[in-house]
Amino acid sequence: MNVPQLTVRGIRARGVEVPMRLPLGTSAGMLRTAALLLIDVQTDEDVTGRFYLFCYLPGAAPAIAAMLAEVERSVKGDRIAPADLWAKLARRFKLIGVQGIVRMAMAGFDCACWDALALAAGVRW
């Protein structure tokens, strides 16, 4: 299979709260809405990869979106090759650590990149 050649043009992230039919009980309390961050990775080739990230708390979405803005500054113009991009971002964030919100931002970006590659290759979900 030929891997499509795509280039990162930008990342768009927006937080939403989705009501849940069945509340989720956790040791920290009851969740009645799902805090999601909708992530779009836009490419120069006009393919948009999408992913949604469960953020646990509504207040986490803006923090993860801020990290995605830093991800965008680091990878804009790069070819979408998920393993290479992950390694580049892991080096970029090494001093602050690749866990928590940083890892969530990287994971959401990674999944949206895979979605863009699949769409460009003609895979439909």
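Up top is the structure these notes are about.
Residues numbered from 1 in each chain as written. Predicted model: local features only at pLDDT ≥ 70, side-chain atom pairs only at ≥ 80, totals over all residues. Heavy atoms only, no water.

Peer 1: What is the right way to read the overall build of the chain from this model?
Peer 2: Within the chain, the regular secondary structure consists of three helices and three strands. Ordered by position from the N terminus, the helices and strands of the chain form the series β-β-β-α-α-α. Taking 125 residues into account, the globule formula puts the C-alpha radius of gyration at 14 Å, and the chain, at 15 Å, falls close to it. With the C-alpha coordinates aligned to their principal axes, the bounding extent of the chain is approximately 45 × 40 × 20 Å. When each of the 125 residues of the chain is scored for burial, the buried share is 39%. Here the analysis covers contacts within the chain between residues at least 6 apart in sequence; of these, 58% occur between residues at least 24 apart. For the chain, the exposed area adds up to about 7400 Å²; of that, 58% sits on carbon and sulfur atoms. Here the chain holds 15 positive side-chain charges and 11 negative ones, and the gap between their average locations is 5 Å. (Helix = DSSP H or I, 4+ residues; strand = E, 2+ residues; numbered from the N terminus. Rg over C-alpha atoms; globule rule 2.2 N^0.38 Å. Buried < 20%, exposed > 50% of the residue type's maximum accessible area, 1.4 Å probe, protein only. Contact = heavy atoms within 4.5 Å. Areas by Shrake-Rupley, 256 points an atom, 1.4 Å probe, with all protein chains shown as cover. Lys, Arg positive; Asp, Glu negative; His and termini not counted. Charge placed at Lys NZ, Arg CZ, Asp CG, Glu CD.)

Peer 1: Sorry if this is basic, but what is going on with the pairing of strand 3 (residues 48–54) here?
Peer 2: If a strand is regular, its side chains alternate between the two faces of the sheet. Where strand 2 (residues 29–43) lies against strand 3, seven bridges are found, and the strand directions are antiparallel. Following the sheet pairing, Leu36 is matched in strand 3 by Phe54. In this antiparallel pair of consecutive strands, strand 2 and strand 3, the connection spans four residues, and Asp46 shows a positive phi of 65°. (Pairing = 2+ DSSP bridges.)

Peer 1: Is there a simple way to think about the packing of aromatic side chains in this case?
Peer 2: To describe a pair of aromatic rings, one takes the distance between the centres and the angle between the planes. Under the definition given, this model contains two aromatic pairs. A ring pair is formed by Phe51 and Tyr52, whose centres lie 6.3 Å apart and whose planes are at 20°; its orientation type is stacked. Assessed through its relative accessible area of 30%, Phe51 is described here as partly exposed. Aromatic side chains Phe54 and Tyr56 sit 5.0 Å apart centroid to centroid with 65° between the ring planes, which places their arrangement in the edge-to-face category. For Tyr56, a relative accessible area of 48% corresponds to the partly exposed category. (Phe/Tyr/Trp six-rings, centres within 6.5 Å; stacked < 30°, edge-to-face > 60°.)

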